[in-house]
Amino acid sequence: MKYIMFEDFSGTAIPVIFPNRIDHEEMREQMPYTKVLSAGYISYGPEGFRCHGSSKSLEAQAGPGDADLIAAAFANEES
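Computed from a prediction, not measured in an experiment: that's the story for all the values here. (Residues numbered from 1 in each chain as written. Predicted model: local features only at pLDDT ≥ 70, side-chain atom pairs only at ≥ 80, totals over all residues. Heavy atoms only, no water.)

A. Spatial organisation of the environment of isoleucine 17. Tracing the chain through its elements places isoleucine 17 in strand S2 (residues 13-18). Remark: the alpha-carbon pair of isoleucine 17 and methionine 27, spanning 10 residues in sequence, is separated by 9.6 Å. Dropping the residues within four chain positions of it, isoleucine 17 is found in contact with Met1, Lys2, Tyr3, Ile42, Ile70 and Phe74. (Helix = DSSP H or I, 4+ residues; strand = E, 2+ residues; numbered from the N terminus. Contact = heavy atoms within 4.5 Å.)

What follows is the structure, given as structure tokens:
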């Protein structure tokens, strides 16, 4: 899977996760947020979430705290 970490209008980091068949640039064009904080690939395994790689088209790479932010977003998900 791929992801882009955006900054929303209040300054909060918002992760968007999407399939590999969609380009980072295509997804970026669909989002209303103006600032891309990081972008790359995400996987999930026994150790939890792992973010890695980069997006050449967005000139952004995976950030060191991205996996923790994404894990927190899933933990805080409303049912």
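Okay, back to it.
B. Region of the structure containing the nonpolar core. Judged by nonpolar contacts, Ile4, Phe6, Val16, Phe18, Met27, Tyr33, Ala39, Leu58 and Ala60 together constitute the single largest core of nine residues. Sorting the residues of this core by element identifies strand S1 (2-7) and S2 as the ones contributing at least two each. In terms of nonpolar packing, the next biggest core, distinct from the first, is built from seven residues, Tyr3, Ile42, Ala62 and Ile70 among them. (Core = buried A, V, L, I, M, F, W, Y, C linked by side-chain atoms within 4.5 Å. Buried < 20%, exposed > 50% of the residue type's maximum accessible area, 1.4 Å probe, protein only.)

C. Geometry of the sheet that holds strand S4 (residues 48-52). The sheet built from four strands is open, its strands ordered S2-S1-S3-S4 with antiparallel pairing. Pairing within the sheet leaves two strands with one partner each, and these edge strands are S2 and S4. For this sheet, the mean angle separating the axes of adjacent strands, direction not counted, is 35°. Relative to S4, strand S3 (residues 35-45) runs antiparallel, the two being bridged by five bridges. From the neighbouring strand, tyrosine 44 faces S4, where its bridge partner is phenylalanine 49. Helix H2 (residues 66-75) contacts S1, S2, S3 and S4 of the sheet and is inclined by roughly 140° relative to S4. (Pairing = 2+ DSSP bridges. Axes fitted to C-alpha atoms, helices over the stretch in contact; angles between N-to-C directions.)

D. View of the pairing of S2. Bridge count for S1 against S2 is six bridges, and the pairing is antiparallel. When the bridges of S2 are listed, isoleucine 4 appears paired with valine 16. Where S1 folds back on S2, the antiparallel hairpin that results is connected by five residues, among which glycine 11 adopts a positive phi of roughly 90°.

Remember that the coordinates give geometry; whether it matters functionally is a separate question.
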